[in-house]
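Coordinate inspection notes
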Amino acid sequence: MPTRTVSNNFNMYEIQKSNYITQEMSFKSRSDYGFGFDGDYYKPVSSGIIGFTAELVAAVIPCSGYNAKHPKTRYLPELLPFIGKVCKKCKVDLRTMLFALIYAKRFGEALERQGSSARGEYGTCHRIFLASLLLAKKAQGDQSVYFDNNQLAECTDGVWSVKDIEMMEKALASTIGFDFIVDEETVKGFVEEHRSELCWFR
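The protein chain is annotated in an unreviewed UniProt entry as Cyclin N-terminal domain-containing protein from Anaeromyces robustus.

Following this line, the structure appears as structure tokens:
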């Protein structure tokens, strides 16, 4: 099967719905997950978790290296520092990161089920992370999640617009079949599956 290239707009995936996260899909409060959240208290994710996130997202789809000729993505930092920057500027907490990782993993599994041999351009993994993070924020239905579409777009320093971010989200949502349900057992199962990689987190 010939290798396909995934464009930075995920054009290979049809957007099927626009309003795909409903109020009924809100989940438990932060304290219910035992992650140490209390009211407006924010605890940054560790460098270890950021590193694990970069590894998992990079493994979702093989991507080409840095493309200096691209008019926009050539200004993107590599994936690891990019994730670190987003986490710092948007105050991403552990619970939100775990939700995002679960969605990114579902995206990769969906590609495998399709028998896809697609390859991504430089910046595709950055897009997967942003889309997963935005889904994670909306799925929680929690006002104490600190960022929104505008802040995520600002983190890209003009590389992508708010509309671009929204299209990423819709494309990823369509690819995973609008499977947004992440409950406590889902989170626990994910943590258990990756216990060895998450050994630095207590």
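Once the structure has been displayed, the description carries forward.
Concerning the environment of F99
Positionally, F99 belongs in helix α3 (residues 94–113). Judged by relative accessible area, F99 falls into the buried class, the value being 0%. Sequence separation between F99 and A139 is 40 residues; the distance between their C-alpha atoms is 8.4 Å.

Looking at the nonpolar core
In terms of nonpolar packing, the biggest core is built from 57 residues, with V86, M97, F129, L130 and L152 touching the most fellow members. At the level of elements, α1 (47–58), α2 (79–90), α3, α4 (124–140), α5 (149–155), α6 (162–175) and α7 (184–193) are the ones that each hand at least two residues to this core. At eleven residues, α3 tops the list of elements feeding residues into this core. Not counting residues up to four positions away in its chain, the partners in contact with M97 are V45, I49, T53, I83, C87, V92 and F129.

Conventions adopted
Counting restarts for each chain, with residues numbered from 1 along the sequence as it is written. It should be noted that, the model being predicted, local features are given only for residues of pLDDT at least 70 and side-chain atom pairs only at 80 or more, the latter also being counted only at that level, while totals for whole chains, interfaces and linings use all residues. As a convention, hydrogens and water are excluded, and side-chain values are obtained from all of the structure's heavy atoms. Think of it this way: any DSSP run of H or I at least four residues long counts as a helix, any run of E at least two long counts as a strand, and we number them from the N terminus. Each residue is assigned to one of three classes by its accessible area relative to the maximum for its type, calculated with a 1.4 Å probe on protein chains only: buried under 20%, partly exposed between the two thresholds, exposed over 50%. Residues belong to one nonpolar core when they are buried, are Ala, Val, Leu, Ile, Met, Phe, Trp, Tyr or Cys, and are joined through side-chain atoms within 4.5 Å. We call two residues in contact whenever any of their non-hydrogen atoms come within 4.5 Å of each other.

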